[in-house]
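Structure at a glance
Each chain is listed here by its residues.
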Amino acid sequence: QVQLVESGGGLVQPGGSLRLSCAASGGIISIRAMGWYRQAPGKQRELVATVTTPGATNYADSVKGRFTITRDNAKNTVYLQMNSLKPEDTAVYYCNADLWRSQLIGFREYWGQGTQVTVSS
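With 32 residues, the main nonpolar core has Trp36, Leu80, Met82 and Tyr93 as its most contacted residues. Those elements that place two or more of their residues in this core are strand E3 (18–25), strand E4 (30–39), strand E5 (46–52), strand E7 (67–72), strand E8 (77–82), strand E9 (91–102) and strand E11 (115–119). Here the element with the most residues in this core is E9; it accounts for five residues. Sequence-distant contacts of methionine 82, defined by excluding residues within four places in its chain, comprise Gly16, Ser17, Leu18, Leu20, Arg66, Phe67, Tyr93 and Val117.

On to the sheet that holds E3, then. Here we have four strands laid out as an open sheet, ordered E1-E3-E8-E7, and antiparallel in their pairing. The sheet terminates laterally at strand E1 (3–7) and E7, the two strands that pair on one side only. Geometrically, the sheet is characterised by an average inter-axis angle of 15 degrees between neighbouring strands, direction not taken into account. In the sheet, E1 pairs with E3 via five bridges, with the strands oriented antiparallel. Considered in E3, the bridge of glutamine 3 is made with serine 25.

Of the pairings in the sheet, the one linking E4 to E5 comprises six bridges and is antiparallel in character. By the bridge assignment for E5, glycine 35 is matched with threonine 50. The hairpin turn running from E4 into E5, its antiparallel successor, is six residues long, and glycine 42 in that turn takes a positive phi close to 80 degrees. Both E5 and strand E6 (residues 56–59) contribute to a ladder of four bridges, which runs antiparallel. For threonine 52, the partnering residue across the bridge sits in E6 and is alanine 56. As consecutive antiparallel partners, E5 and E6 are separated by three residues, and within that stretch glycine 55 has a phi angle of approximately 135 degrees, a positive value.

Thresholds applied
- Residues numbered from 1 in each chain as written.
- Predicted model: local features only at pLDDT ≥ 70, side-chain atom pairs only at ≥ 80, totals over all residues.
- Heavy atoms only, no water.
- Core = buried A, V, L, I, M, F, W, Y, C linked by side-chain atoms within 4.5 Å.
- Buried < 20%, exposed > 50% of the residue type's maximum accessible area, 1.4 Å probe, protein only.
- Helix = DSSP H or I, 4+ residues; strand = E, 2+ residues; numbered from the N terminus.
- Contact = heavy atoms within 4.5 Å.
- Pairing = 2+ DSSP bridges.
- Axes fitted to C-alpha atoms, helices over the stretch in contact; angles between N-to-C directions.

By themselves, these are just geometric observations and shouldn't be taken as functional.
Structural data, given as structure tokens:
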């Protein structure tokens, strides 16, 4: 079974930085896309950043110029470097992966358990 393991969340002051990582495991054959989403209390889950094959990236307007998404295909891992963090970035961040499972199943999306990011002074 596929698992997405996230790490790197924590407490930071405004203006600080964090680096999130997400490793996919469980019979991974190929990855069509991976990305990060976030959800704050009382709000819907929203896209933060995605990266697709062969490397096109997409960012939410609110994080452009501050966040950078990268990937290591050999390790089936995606990273999110977050700089100049603001209190409004506080949320649970979830990893998402669009993975090829088999010719029978095709592509399927998976989600990580989420990691808390809190930006506060």
